[in-house]
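Working through the structure, step by step
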Amino acid sequence: MGLVQYFTPVIIVGDSPFDISALELLPKEWPIYAVDGGANILLKNKINFEAIIGDLDSVNNKIDKNNTKIIKFTDQESTDLQKCLKYIKTPYLVGFGFLDRRIDHTLATLNAVCGFHYAKKIILYGLHDIVIWSRTSWGCSLPLYSRISICPLGTQNFKFSRGLKWSLNKLEMQPAGLIGTSNETSEEEFFIEIEKKQKPKYVTIISNKNFKRILEIID
């Protein structure tokens with residue numbers, strides 16, 4: 001299976017619950033892909049999409065499969081989201097419907113965004129929180145004292161941080177050791193830099209009230 005390439009951000013939609021009105025905050029020209037059962041949500045809300053990616057085991061019978069582009073992979077050892085990440089080449093992915101159903105599915109989502117894909121940044125919007133993965137050092141502006149959690153998905157060495165109540169300078173985090181739950185911003189802008197020798201194996205978690213601000217990191 002080949003891949004499809006975009007130079008604009010791409011929206012992906014899974015089947016976990018989320019506030020559909022958040023999609024209205026994104027430019028209409030950004031392409032939308034349904035990840036398996038995410039097609040049900042898009043169909044219900046009469047939102048057009050490019051294709052369905054997945055094995056269709058969660059897609060309801062109302063989908064016109066004859067007139068809908070379907071991208072299936074024979075690989076049975078990866079999740080539908082991982083298949084999606086392999087298929088779409090884009091600098092930015094914004095995802096909805098991947099965080100708020102089963103805990104094991106949420107953990108699989110976090111594992112996927114820290115695995116193989118082409119994106120420079122991935123933003124996942126949930127009912128309560130936003131998850132951000134960034135290939136490079138990053139930061140943005142948030143209201144003072146905003147909750148911000150830094151969660152390692154593997155061993156992660158941080159070089160420097162600015163604007164956080166508890167500094168990440170020279171810290172090593174790992175899932176069974178030190179993690180960064182419930183840090184908060186101490187300045188109007190924060191910045192996080194990891195050691196350059198490492199690939200990013202962590203995500204940042206922020207309240208979804210800051211969704212518009214987080215979208216500003218898409219340049």
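Remember, it's a predicted structure, so these values are computed and weren't measured experimentally.

Re the overall build of the protein chain
- Helix and strand counts for the protein chain stand at four helices and 16 strands.
- Overall, the C-alpha framework of the protein chain stretches about 55 × 35 × 30 Å when taken along its three principal axes.
- By the burial criterion, 52% of the 219 residues in the protein chain qualify as buried.
- The long-range fraction of contacts in the protein chain, counting pairs at least 24 apart against all pairs at least 6 apart in sequence, stands at 64%.
- With an accessible surface of roughly 11300 Å², the protein chain has 50% of that area assigned to carbon and sulfur atoms.
- Of note, the protein chain has its 27 positive side-chain charges centred 2 Å away from the centre of its 24 negative side-chain charges.

Observations regarding the pairing of strand β11 (residues 147-152)
- With five of its six residues buried, β11 lies for the most part within the structure.
- Here β11 pairs with strand β14 (residues 180-184) via three bridges, running antiparallel. Its bridge partner being in β14, Arg-147 is matched across the sheet by Glu-184.
- Of the strand pairs in this sheet, β11 and strand β16 (residues 202-207) are connected by five bridges, and their pairing is antiparallel. Following the sheet pairing, Ile-150 is matched in β16 by Thr-204.

Things to note about the pattern of salt bridges
- Tallied over the entire structure, the rule returns six salt bridges.
- Across the pair Arg-102 and Asp-104 runs a salt bridge, and its minimum N-O distance is 2.6 Å.
- With its nearest N and O atoms 3.4 Å apart, the salt bridge here joins Lys-196 to Glu-193.
- A relative accessible area of 66% places Lys-196 in the exposed class.
- Exposure remark for Glu-193: the relative accessible area of 14% places this residue in the buried category.
- Residues joined by salt bridges that share partners form a network here, namely Lys-159, Glu-193 and Lys-196.

Rules and cut-offs
- Per chain, the residues get numbers from 1 upward, laid out in the order the sequence is written.
- Only residues with pLDDT of at least 70 get local features here, since the model is predicted, and only at 80 or more are side-chain atom pairs given and counted; chain-wide, interface and lining totals rely on the full set of residues.
- Where side-chain values are given, they derive from all heavy atoms of the structure, hydrogens and water being excluded.
- Secondary structure counts use DSSP, requiring at least four H or I residues in a row for a helix and at least two E residues in a row for a strand, with both numbered from the N terminus.
- Only protein chains enter the accessibility calculation, which uses a 1.4 Å probe. A residue is then buried if its area is under 20% of the maximum for its type, exposed if over 50%, and partly exposed in between.
- The contact criterion used is simple: two residues touch if any of their non-hydrogen atoms lie within 4.5 Å.
- In short, Shrake-Rupley with a 1.4 Å probe defines the accessible areas, and a residue's cover is counted only from the protein chains shown.
- None of His or the chain ends enter the tally, which takes Lys and Arg as positive and Asp and Glu as negative.
- Taken as the charge location is NZ of Lys, CZ of Arg, CG of Asp or CD of Glu.
- For two strands to count as paired, DSSP must find a minimum of two bridges between them.
- Think of a salt bridge as a Lys or Arg side-chain nitrogen and an Asp or Glu carboxyl oxygen that are within 4 Å of each other.

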